[in-house]
Amino acid sequence: MPRVSLFAILALCVSITACSSIGIAPADLSAFEQTRVVDPSSLPQENVIEPGCVPTPFSAKQIHDAMPEYGGRYYALRGDSESSMVYYHFDNITATDCSVETMFFDHEGLTSDTKTEHHVLWTDLQKHASFARDEITITEVRLALIAGTFDCWNYTRDDASPGRDELYFAKDLPGPPVYMRKIDAAGAVVFEMELRDFAPVK
């Protein structure tokens, strides 16, 4: 089963965002509260997937356990002046895997032709947040979004070409990041993906 990384998802979302527009205000970046740099050795070492990697923010079991209650997630996508929405639906949940349906919405809020569904293992979803220790810095951040205020781990990859990628995982909401952004070499935010709402899987 092929592994699709968070950075591949980020690239896909950037390309989709360039094709549609919807009026969505950007995240309140003034609400970022950087607290401290996290020593990876202080995080659960059982979440280390491969030697030389930092621990993932959540175990496969934590992601599995969260999905029945928080398995429907709406995100706003913003790139330059263009914006759109994406909905992730985690369904057909078993002890080992689930199906993930992805739907993008156009400027009128209607489902676009871009829709995918695939089955993934919980361990594969965990691996999406596994990164080499020498390419990731982890910090703790309190972040205010439309969906709520979250205490997060921020996984920052500083060697992203060009610039850097930031992934914000809410400590109390296992699964995908609640916020992602790509920053170019000049320090400008060129893409954002922000959690807008979440709901139980029906």
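The preceding data block contains the structure.
Calculation criteria
- Residues numbered from 1 in each chain as written.
- Predicted model: local features only at pLDDT ≥ 70, side-chain atom pairs only at ≥ 80, totals over all residues.
- Heavy atoms only, no water.
- Salt bridge = Lys/Arg side-chain N within 4 Å of Asp/Glu carboxyl O.
- Helix = DSSP H or I, 4+ residues; strand = E, 2+ residues; numbered from the N terminus.
- Buried < 20%, exposed > 50% of the residue type's maximum accessible area, 1.4 Å probe, protein only.
- Polar contact = N/O pair within 3.5 Å; in protein donor to acceptor, adjacent residues only side chain to side chain.
- Core = buried A, V, L, I, M, F, W, Y, C linked by side-chain atoms within 4.5 Å.

Undergrad: How would you sum up the pattern of salt bridges? Please name residues and give values.
TA: Any two side chains of opposite charge can pair, given that their charged atoms come close. Enumeration over the complete set of coordinates arrives at 11 salt bridges. Close ionic contact of arginine 157 with aspartate 165 constitutes a salt bridge, the shortest N to O distance being 3.4 Å. For the salt bridge of lysine 182 with aspartate 165, the shortest nitrogen-to-oxygen distance reads 3.1 Å. With lysine 182 in strand β9 (residues 179-183) and aspartate 165 in strand β8 (residues 164-170), this pair connects stretches of sequence that are 17 residues apart. By relative accessible area, lysine 182 is classed as buried at 18%. Look at the salt bridges and you will find they share partners, linking Arg78, Glu192, Glu194 and Arg196 into a network.

Undergrad: Help me get a handle on the side chain of glutamate 194, residues and values and all.
TA: Locating glutamate 194 in the fold gives a position in strand β10 (residues 189-199). Overall, the relative accessible area of 1% leaves glutamate 194 in the buried class. Here the side chain of glutamate 194 touches arginine 78 through a polar contact of 2.9 Å, side chain to side chain.

Undergrad: Talk me through the nonpolar core; I want residue IDs and the actual numbers.
TA: What tends to happen in soluble globular proteins is that the nonpolar side chains get buried as a cluster. Within the largest apolar cluster, 40 residues are counted, with the highest numbers of intra-cluster contacts made by Ile138, Phe150, Tyr155, Val178 and Met193. Residue contributions to this core peak at five residues, all from strand β6 (residues 136-145). Membership of the second largest hydrophobic core comes to five residues, among which are Met85, Tyr87, Met103 and Phe105.

The values are spatial; any link to function lies outside them.
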